[in-house]
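Overview (structure and organization)
What follows is each chain in one-letter form.
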Amino acid sequence: MTWLRKAKEGLKAQERRRDLPDGLWVKCEECGEILYHKELERNLWTCAKCGYHFRISARSYIKILLDEGSFRERFSEVVSTDPLRFKDSKRYIDRLKKAREETGLSEAVLCGEGLIEETPCVVAFMDFAFLGGSLASAAGERIARSILLAIESRRPLIILWASGGARMFEGILSLMQMAKTNALLARLSDARVPYISIMTHPTTGGVTASFASVGDVILAEPKALIGFAGPRVIKQTINQELPEGFQRSEFLLKKGMVDQIVHRLELRKTLGWLLRYFAATSVLPEKPRRRAGESMARFRAASVAAPKPMGLEPSDNGHPPAPAPTPEPTPTETASQE
Ligand SMILES: [Zn+2]
């Protein structure tokens, strides 16, 4: 009955997926290659043979992406309670307690400020090991406060997603986080502070359906599962075969939902480049932007009445000071030339 034993071993491996594998040798979950633990760590937990990205914790991402010792955690005082006194097979409060013990985190998202290649930024990292990286009221509030911090300090916002969606144990309180954070992201956009969204495996549910997809730049790790509902549910609903590679980053890149797929080894460098790019462009004078759905007449009227453009302030945040605004054709002139 060897097959029975094998099946049992297989189940164990599935459970351990949540955390980083330990031991001297690790088997790649994609190609089966046996990898040396130290070597895997040097490769930032990606398979040297097939490029498979192992799931890693929020703290590991901080180590990989931020300048050493620059991270300062913020909003750790915001924690979930159990407003609905929810209970299914277990009490929600017990699930929370267990997740906190296992991950050493107090919530599914770790927020703070730090430097990436010496550029200051506000960051939020989701951790899938904490109740599936689910978004509940506390996680949403932490992200909301991080957005406000980015607006106030005029530092770019970077959020790394690894989430199964909204946390159903908190019902509507979880769902309303989508609207709340999106409204703040609109304010962030109005303040001309960039937001970079990084989708890692998996980014699903309400997170994809809202704020993860509205970044000024959307990056994704290779082969990450990104979608709203799972492929099986969609297949049953539309009663059709789904295309190959459906809901993977490569597919979404082709469809224009993702701007770039970045290997984990390149992620820090890419972010550093993007931050320097945004810092450089922020000193350019702002051109009037026409909003989605805005009529041309209204846009022209608003452009004439528009107040002085806002740019990233020169200051203590490391950005170069803005030069004196150069004279430009007025918006009315620009518009009449079209
Ligand atoms: Zn592999």
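Quick caveat, the model's predicted, so the values are computed rather than measured.

Criteria and cut-off values
- Residues numbered from 1 in each chain as written.
- Predicted model: local features only at pLDDT ≥ 70, side-chain atom pairs only at ≥ 80, totals over all residues.
- Heavy atoms only, no water.
- Donors = N, O, S within 2.8 Å, 3.2 Å for Na, K, Ca; no water.
- Tetrahedral: all angles 85-135°; square planar, octahedral: opposite > 155°, others 65-115°.
- Buried < 20%, exposed > 50% of the residue type's maximum accessible area, 1.4 Å probe, protein only.
- Patch = residues over 30% accessible without salt bridge, like charges linked within 9 Å, V, L, I, M, F, W, Y side chains within 5 Å.
- Areas by Shrake-Rupley, 256 points an atom, 1.4 Å probe, with all protein chains shown as cover.
- Salt bridge = Lys/Arg side-chain N within 4 Å of Asp/Glu carboxyl O.
- Axes fitted to C-alpha atoms, helices over the stretch in contact; angles between N-to-C directions.
- Helix = DSSP H or I, 4+ residues; strand = E, 2+ residues; numbered from the N terminus.
- Parallel < 35°, antiparallel > 145°, perpendicular 65-115°, else oblique.
- Left-handed = near helix turned anticlockwise from the far one by under 90°.
- Contact = heavy atoms within 4.5 Å.
- Nonpolar A, V, L, I, M, F, W, Y, C, P; charged D, E, K, R; others polar.
- pLDDT = per-residue confidence, 0-100.
- Pairing = 2+ DSSP bridges.
- Phe/Tyr/Trp six-rings, centres within 6.5 Å; stacked < 30°, edge-to-face > 60°.

Some words on the coordination of the zinc ion
- For the zinc ion, the full set of protein donor atoms is Cys 28 (SG), Cys 31 (SG), Cys 47 (SG) and Cys 50 (SG), at a range of 2.3 Å.
- What the 4 donor atoms of the zinc ion show is an angle range of 108 to 112° at the metal, which sorts the shape as tetrahedral.
- Of note, the donors binding the zinc ion are all from one chain and are spaced C-x2-C-x15-C-x2-C.
- Relative accessible area serves as the criterion here: at 3%, Cys 47 is assigned to the buried category.

Concerning a nonpolar patch on the surface
- Taken together, Leu 24, Trp 25, Ile 34 and Tyr 36 make up a surface patch of nonpolar side chains, about 440 Å² in accessible area.
- Judged by its relative accessible area of 54%, Leu 24 is exposed.

Notes on the packing of helix α3 (residues 58-65) against helix α10 (residues 264-281)
- α10 packs onto α3 with a crossing angle of 60° between their chain directions and a minimal axis gap of 9 Å. Between α3 and α10, the angle is such that the two are oblique. For the crossing formed where α3 meets α10, the hand is right-handed. Between α3 and α10, the contacting residues are Tyr 61, Ile 64 and Leu 65 on the first element and Arg 264, Leu 267, Arg 268 and Leu 271 on the second.
- The residue makeup of the contact of α3 with α10, split by class, is 5 nonpolar, no polar and 2 charged.

Section: the confidence of the model for the protein
- With 83% of its residues at a pLDDT of 70 or more, the protein has an overall mean of 84.
- Every residue in residues 9-18 scores below 50 in pLDDT, and together they form 8 contacts with partners more than four places removed in sequence or on other chains.
- A low-confidence stretch, residues 309-324 stays under pLDDT 50, and its non-local contacts, those more than four residues away or across chains, total 32 contacts.

Some thoughts on the pairing of strand β4 (residues 109-116)
- Judged by how many residues are buried, β4 sits mostly within the fold: 7 of 8 residues are covered.
- Bridging between strand β3 (residues 72-74) and β4 involves 3 bridges; their strand directions are antiparallel. Paired with Arg 74 across the strands is Cys 111, a residue of β4.
- Direction of pairing for β4 relative to strand β5 (residues 119-126): antiparallel, over a ladder of 8 bridges.

A look at the packing of aromatic side chains
- In this structure the tally under the stated criterion is 8 aromatic pairs.
- Look at Phe 246 and Phe 251: their rings are 5.7 Å apart centre to centre, the planes differ by 75°, and that puts the pair in the edge-to-face class.
- Each ring, one from Trp 273 and one from Tyr 277, has its centre 5.6 Å from the other, and the planes form 5°; the classification is stacked. One end of the pair is Trp 273 and the other is Tyr 277, both in helix α10 and 4 residues apart, which spans about a single turn.
- Every member of this aromatic cluster is reached through a ring pair, and the members are Phe 86, Tyr 92 and Phe 169.

With respect to the environment of Leu 149
- Residue position: Leu 149 is located in helix α5 (residues 137-153).
- Residue class for Leu 149 comes out buried when judged on its relative accessible area of 10%.
- In this structure, the C-alpha to C-alpha distance between Leu 149 and Cys 121, residues 28 residues apart in sequence, is 9.9 Å.
- If near-sequence neighbours (up to four positions away) are discounted, Leu 149 is found in contact with Arg 74, Phe 75, Glu 113, Val 122, Arg 154 and Arg 155.

Digging into the pattern of salt bridges
- In total, this model carries 18 salt bridges according to the counting rule given.
- For Arg 95, the salt bridge goes to Asp 88, with nearest N and O atoms at 3.0 Å.
- Take Asp 88: its relative accessible area is 41%, and that puts it in the partly exposed class.

Thoughts on unusual backbone geometry
- Here the residue pair His 201 and Pro 202 is connected by a cis peptide bond, since its omega of -15° sits within 30 degrees of zero.
- Locating Pro 202 in the fold gives a position in strand β7 (residues 195-204).
- Of note in this structure, Trp 45 is not a glycine but carries a positive phi near 60°.
- With a relative accessible area of 7%, Trp 45 lands in the buried category.

Let's talk about the packing of α5 against helix α6 (residues 172-190)
- Taken N-terminus to C-terminus, the directions of α5 and α6 make an angle of 5°; their axes are 9 Å apart at the nearest point. The angle between α5 and α6 places the two elements in the roughly parallel class. Facing Ser 137, Gly 140, Glu 141, Ile 143, Ala 144, Ile 147, Leu 148, Ala 150 and Ile 151 of α5, the residues of α6 in contact are Leu 173, Ser 174, Gln 177, Lys 180, Thr 181, Leu 184, Leu 185, Arg 187 and Leu 188.
- In terms of residue class, the contact of α5 with α6 is made up of 10 nonpolar, 5 polar and 3 charged.

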